[in-house]
Amino acid sequence: MRLFLALVPPPALRARLAELADLAHARCGGRRMPDASLHLTLAFLGEVDEVQAVALGGWVRSLEIPPGDWRLDRWGTFQRPGIVWVGGRHPDPPLEALQRRLWDELAPRGIGGRPGRYIPHVTLLRHAHALETDGLPDIRLDWPYNQLELIHSITDHRGARYATLARSGSP
Ligand code: 2AM
């Protein structure tokens with residue numbers, strides 16, 4: 001099972017991100033993320049077996065995460081695989097501390113793959129034809145959060161869809 005830990009946007013923010021995805025798609029093409037799939041990955045865990053997934057679910061439910069507020073105020077792109085995203089202009093210390101804490105707790109649970117550098121981002125497009133974000137509107141959005149989710153990425157011929165396995169602070 002391919003799993004990751006993520007923040008899921010509150011409904012009003014999801015709607016705003018969806019509008020931005022539409023604008024970006026009109027300009028850059030590619031594959032727009034479905035509204036229901038918009039998220040911020042905190043840690044990509046990769047492939048784990050079912051026993052590990054159950055244990056990770058228990059751990060996630062036991063987590064209390066400090067409430068935070070992430071400012072989204074920039075567009076960005078990754079060359080491969082043609083990702084257009086929105087994220088923060090400045091580093092966000094509480095978000096980075098949360099990401100570090102998660103990896104500190106994942107390592108003893110047998111999960112590797114801690115990234116050298118964490119770039120918090122919300123993917124809006126994949127396989128964009130043009131990685132050009134000039135001309136897209138300025139952004140200033142706030143993402144209040146107090147919960148993270150353990151999510152299963154299920155891939156089939158239609159692409160990936162996501163299923164939440166556990167939420168923090170909800171035993
Ligand atoms: P992306 O949006 O930048 O592609 C589910 O696939 C989530 O995990 C996505 O947010 C994706 O990031 C991220 N992800 C997928 N593969 C990854 C990898 N090898 N390393 C880090 N993050 C990855």
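Fair warning: this is a prediction, and the values are worked out from it, not measured in the lab. Within each chain, residues carry numbers counting from 1 in the order of the written sequence. Side-chain atom pairs in this predicted model are given and counted only at pLDDT of 80 or more, local residue features only at pLDDT of at least 70, and totals for whole chains, interfaces and linings cover all residues.

A. Quick look at the site of the ligand. Nearness between a residue and a molecule or strand is assessed with a C-beta atom placed from the backbone; a distance within 6 Å qualifies. The local shell around the ligand consists of Phe4, Thr41, Phe44, Ile83, Thr123 and Ser153. The residue inventory of the shell around the ligand, partitioned by class, reads three nonpolar, three polar and no charged. Gly counts as polar in this scheme, as do all residues outside two lists: the nonpolar Ala, Val, Leu, Ile, Met, Phe, Trp, Tyr, Cys and Pro, and the charged Asp, Glu, Lys and Arg.

B. Just the sheet that holds strand S3 (residues 40-47), in detail. If DSSP finds at least two bridges between two strands, the strands pair. In this description a helix means any DSSP run of H or I spanning at least four residues, a strand means any run of E spanning at least two, and both kinds are numbered starting from the N terminus. Across the sheet, which stays open at both edges, the four strands sit in the order S3-S1-S9-S10 with antiparallel pairing between neighbours. Two strands bound the open sheet, and with one partner strand each, they are S3 and strand S10 (159-167). Strand-to-strand, the axes of this sheet are offset by a mean angle of 30 degrees, without reference to chain direction. In this structure, strand S1 (residues 2-7) lies alongside S3, joined through six bridges in antiparallel fashion. Bridge pairing links Leu3 to Gly46 in S3. Once C-beta atoms have been placed from the backbone, residue pairs whose C-beta atoms lie within 7 Å are recorded as contacts. Every axis in this analysis is a line fitted to C-alpha atoms, fitted for helices over the stretch in contact. Angles between the N-to-C directions lie between 0 and 180 degrees. Sitting on the sheet, helix H3 (residues 93-106) touches S1 and S3, and the angle it makes with S3 is about 20 degrees.

C. The arrangement of the pairing of strand S7 (residues 121-126) in detail. Of the strand pairs in this sheet, strand S2 (residues 31-32) and S7 are connected by two bridges, and their pairing is antiparallel. Within the sheet, the bridge partner assigned to Arg32 lies in S7 and is Leu125. As paired elements, strand S6 (residues 83-87) and S7 share four bridges and run antiparallel to each other. Directly across from Gly87, in S7, lies its bridge partner His121.

D. Structural context of the UniProt feature "active site" (unreviewed entry) in the chain. UniProt positions are given in the numbering used here, feature names are shortened, and annotations may be inferred rather than shown by experiment. The feature "active site" (unreviewed entry), as given by UniProt, occupies His39 and His121 in the numbering adopted here. Judged by maximum C-alpha separation, these annotated positions cover 83 residues in sequence but sit close together in space, the widest gap being only 8.5 Å. In this structure, His39 sits in the loop between S2 and S3. Working definition of burial: number of other C-beta atoms within 10 Å of the residue's own, with buried at 20 or more, exposed at 12 or fewer, and partly exposed in between, all C-beta atoms being placed from the backbone. Look at His39 and you get buried, because 21 C-beta atoms sit within 10 Å. What His39 contacts, discounting residues up to four positions off in sequence, is Ala6, Leu7, Val8 and Val122. With respect to the helices and strands, the residue His121 is situated in strand S7. If near-sequence neighbours (up to four positions away) are discounted, His121 is found in contact with Gly76, Trp85 and Gly87.

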